[in-house]
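# Residue-level structure breakdown
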Amino acid sequence: MRNELEGDILKILVTEEQIKARVAELGEELGRRFQDKNPLFLGVLKGSFVFMADLVRACPVRSDVEFIAVSSYQNATVSSGRVKINHDLQQDITGRNLVIVEDILDSGNTLAFLKDYFLTKGAASITIATLLDKPSRREKAVTADFVGFEVPDEFVVGYGLDYSQRYRNLPYIGVLKPEVYTNSR
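Below or above, wherever it landed, is the structure these notes cover. Please read all numbers here as calculations on a predicted model, not as lab measurements.

## Points about the overall build of the protein
Scanning the protein for helices and strands turns up four helices and nine strands. Listing every helix and strand of the protein by position from the N terminus yields β-α-β-α-β-β-β-α-β-β-β-β-α. Taking 2.2 N^0.38 as the reference for a compact globule, 185 residues should give roughly 16 Å; the C-alpha atoms of the protein span a radius of gyration of 16 Å, in line with that estimate. Taking the principal axes of its C-alpha atoms as reference, the protein extends roughly 45 × 35 × 25 Å. The 185 residues of the protein split such that 49% are buried. A sequence separation of at least 24 residues applies to 66% of the contacts in the protein between residues at least 6 apart. As presented, the protein carries roughly 9200 Å² of accessible surface, and 47% of it is formed by carbon and sulfur atoms. Here the protein contributes 23 positive and 26 negative side-chain charges, whose respective centroids are spaced 3 Å apart.

## With respect to helix α2 (residues 49–58)
Buried within α2 we find V50, F51, M52 and L55. Against the buried residues of α2 lie α1 (16–33), β2 (40–45), β3 (64–71), β5 (97–105) and β6 (125–133).

## Structural notes on the sheet that holds strand β8 (residues 156–157)
Read across the sheet, three strands follow the order β1-β9-β8 without closing on themselves; strand pairing throughout is antiparallel. In the strand order of this sheet, the two ends are held by β1 (9–14) and β8, each with one partner. Here two bridges tie β8 to strand β9 (residues 173–176), and the two strands are oriented antiparallel to one another. Opposite V156, over in β9, you have V175 as the bridge partner.

## Structural notes on the pattern of salt bridges
In this structure the tally under the stated criterion is 10 salt bridges. Taking the shortest distance from any N to any O, the salt bridge between R57 and D54 comes out at 2.3 Å. One end of the pair, R57, and the other, D54, are both in helix α2, three residues apart, so they sit about a helical turn from each other. Residue R137 pairs with D106 through a salt bridge whose shortest N-O separation is 3.4 Å. With a gap of 31 residues between them, R137 in the loop between β6 and β7 (146–150) and D106 in the loop between β5 and α3 (109–120) connect regions that are remote in the sequence. Relative accessible area serves as the criterion here: at 7%, D106 is assigned to the buried category. Bridged by salt links that share partners, the residues R22, E25 and E29 form one connected network.

About the thresholds
- Residues numbered from 1 in each chain as written.
- Predicted model: local features only at pLDDT ≥ 70, side-chain atom pairs only at ≥ 80, totals over all residues.
- Heavy atoms only, no water.
- Helix = DSSP H or I, 4+ residues; strand = E, 2+ residues; numbered from the N terminus.
- Rg over C-alpha atoms; globule rule 2.2 N^0.38 Å.
- Buried < 20%, exposed > 50% of the residue type's maximum accessible area, 1.4 Å probe, protein only.
- Contact = heavy atoms within 4.5 Å.
- Areas by Shrake-Rupley, 256 points an atom, 1.4 Å probe, with all protein chains shown as cover.
- Lys, Arg positive; Asp, Glu negative; His and termini not counted.
- Charge placed at Lys NZ, Arg CZ, Asp CG, Glu CD.
- Pairing = 2+ DSSP bridges.
- Salt bridge = Lys/Arg side-chain N within 4 Å of Asp/Glu carboxyl O.

Printed below as a string of structure tokens:
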């Protein structure tokens, strides 16, 4: 059965097979770094949930999971630059080794905010794992420790990434046709 959302996709940037292979590699790399350290994988909702589920399963170490929900896009195609916490942590992170799992590192505003926020809450260390890195859009001096794929400055969706809460269920990373988001304003 053809996915009805695929008609809105201009092109596929990263295939489902490429994602699976890279997530397996990232899980192994994280496993080596955090062997015997019981990291706390901290997913940034909503975009990271698909990537985080696969990444945690691919990482062969004892770990915990936690989620935080923040917003900086408010259904726009670019970050507003203001980060708001919509759902905060439900556990104490004092002394924990955090792995922030993000869908895309774009402007860097969200991750810069979260890094500072978690350090003030007492995290022992912060490691950033992002599925996608879009360095051409960077506004803050933030880099990821683990990157799945570098992508060009195009509007990408799929594998958890959305536009107006749609397209998260695509199994690949695709570029959204511009008319989809320019006509819906």
